[in-house]
Amino acid sequence: MSATSKPQKPVFIFGNPRSGTSLLGRMINCHPNIAVPYEAHIYNTFWLFNERYEPLSDPARQRRLALDMMSLRVNRFWENPPGIEQVLEAVERESFHGVFEALMSSWLKSRNKPRWGEKTPQNGAHWRAISEGFPDAQFIHLVRDGRDCALSWINANFGPKLTYPAAVKWAAYVDDMQVMKQTLGPQRVIEVRYEDLVTDADTTLHAICEFLGEPYDPAMKAFYKSEDTYMTERRNNEKLKQPVMTLNTEKWKKKMSERNQRIFEALAGKQLQRYGYPRLHPDATTSSWDRLRDTKLLHPPLRAMSMMRNIKGWGDSLAVQRAKWRLKLARQSINGLLILSDSALLQLIIQEGYLT
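Since we're looking at a predicted model, the values are computed, not measured. (Residues numbered from 1 in each chain as written. Predicted model: local features only at pLDDT ≥ 70, side-chain atom pairs only at ≥ 80, totals over all residues. Heavy atoms only, no water.)

Caption draft 1: Focus on the nonpolar core. Ranked by internal contacts, the top residues of the largest apolar core, which has 42 residues, are F12, F14, M69, F100 and F139. Among the elements of the structure, β1 (8-14), α2 (43-46), α3 (59-77), α4 (84-89), α5 (96-108), α6 (127-133) and α8 (163-184) are those that each provide at least two residues to this core. Among the elements that take part in this core, α5 stands out by supplying 8 residues, more than any other. M69 has contacts with I42, F46, V74, F96, V99, F100 and L103, leaving out every residue within four places of it along the chain. Counting residues in each nonpolar core, the second largest holds 26 residues, with V11, M27, I190 and L197 among its members. (Core = buried A, V, L, I, M, F, W, Y, C linked by side-chain atoms within 4.5 Å. Buried < 20%, exposed > 50% of the residue type's maximum accessible area, 1.4 Å probe, protein only. Helix = DSSP H or I, 4+ residues; strand = E, 2+ residues; numbered from the N terminus. Contact = heavy atoms within 4.5 Å.)

Right, here's the structure in full:
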């Protein structure tokens, strides 16, 4: 990309956590025309407080927002992160979206590509704001069998620790993605199944490239040969250094207990059917005891244990970085009114699963 050319329309990759978005992001990053950095978590960290930075016609407020965005992860985990002056010089719109756009376009210059992409799974919760802020953007929603998502999610260092809350979250997420798909239409949204991506990568990547208006490039399938660094967790990073794992599907059939299969299908059966995933227990139901046991009695201590296991790395963890920024912003006021008390904010963070 030349120093004066404007980046082409951006690409946002959404998906429930543990859906394979890291794999898809690496594949698209290997396209000669699109660059996708490590997930930045900008919208799901700062958008709640976007009004706190207004008016962004003020250069000092632009600088503050840009510095906050860059301090979260950009300067530590991105290759060749831009400097603050580069970002501020690239601001063309005096808005939250404009500052984020300047950050991405500034980084893009180091990649020598005409188009940037963004891969933060949780940003799917902010698709309305993002689609309005980037009216020319295209969105890829990667969906994976929720039971496999749940298995992986429960074993991760964040998110739900039992099948019941995992099923509730997965069903709500894909329902909202369905609203996005219907609202924005096929010119702006494509939905891709993870299972199709790993079992027939050529066909799936061709379809994605056609949607994006880009020629297919075989380098996408050879993503594991890329020398770009990607600062994801160790286990995930090891997988990204290997060819597509074609057998990494339907693990739930062997690893998920029948009780948990029934719970998941009772809570998210219609969503599984929508995406063509088979149900083994179409008559499954849950009880009030299931809900009480798995969401109120067992889940809080399991999440606390997960937090304790990660306490050694808390200083560098995303959860702590995001919590610090949110607490800092919450203490400050708009027109003299407190946005959120620390206790209310902490409750919000815990409810959304950021600390686990």
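Caption draft 2: Structural context of the packing of helix α7 (residues 146-155) against α8. Close contact between α7 and α8 brings their axes to 9 Å; oriented N to C, the two are set at 125°. With respect to their mutual orientation, α7 and α8 come out oblique. Of the two possible hands of crossing, α7 and α8 adopt the one that is right-handed. Contacts from G146, C149, A150, W153 and I154 of α7 reach α8 at T163, A166, K169 and W170. Considered class by class, the residues forming the contact of α7 with α8 number 6 nonpolar, 2 polar and 1 charged. (Axes fitted to C-alpha atoms, helices over the stretch in contact; angles between N-to-C directions. Parallel < 35°, antiparallel > 145°, perpendicular 65-115°, else oblique. Left-handed = near helix turned anticlockwise from the far one by under 90°. Nonpolar A, V, L, I, M, F, W, Y, C, P; charged D, E, K, R; others polar.)

Caption draft 3: Broad picture of unusual backbone geometry. Between E54 and P55 the backbone carries a cis peptide bond, its omega angle lying at 0°. Relative to the elements of secondary structure, P55 occurs in the loop between α2 and α3. Even without being a glycine, N80 presents a positive backbone phi close to 50°. For E250, which is not glycine, the phi dihedral falls at a positive 50°.

Caption draft 4: Structural context of the packing of α3 against α5. Running from amino to carboxyl end, α3 crosses α5 at an angle of 50°, the nearest separation of the two axes being 10 Å. Judged by the inter-axis angle, α3 sits oblique to α5. Here α3 and α5 pass one another in a crossing that is right-handed. For the pair formed by α3 and α5, the contact residues are Q62, L65, A66, M69, M70 and V74 on the first element and F96, V99, F100 and L103 on the second. For the contact of α3 with α5, the class distribution of residues is 9 nonpolar, 1 polar and no charged.

Caption draft 5: Region of the structure containing the pattern of salt bridges. Taken as a whole, this structure holds 21 salt bridges when the rule is applied. One salt bridge in this structure joins R193 and D196, with 3.4 Å as the shortest N-O distance. Overall, R193 belongs to the partly exposed group, its relative accessible area being 23%. We note a salt bridge from D290 to R259, for which the minimum N-O separation is 3.2 Å. Of this pair, D290 sits in helix α14 (residues 288-297) while R259 sits in helix α13 (residues 258-274), and the two are 31 residues apart along the sequence. Since its relative accessible area comes to 13%, D290 is described here as buried. Taken together, the shared-partner salt bridges connect D145, R147, E265 and R279 into one network. (Salt bridge = Lys/Arg side-chain N within 4 Å of Asp/Glu carboxyl O.)

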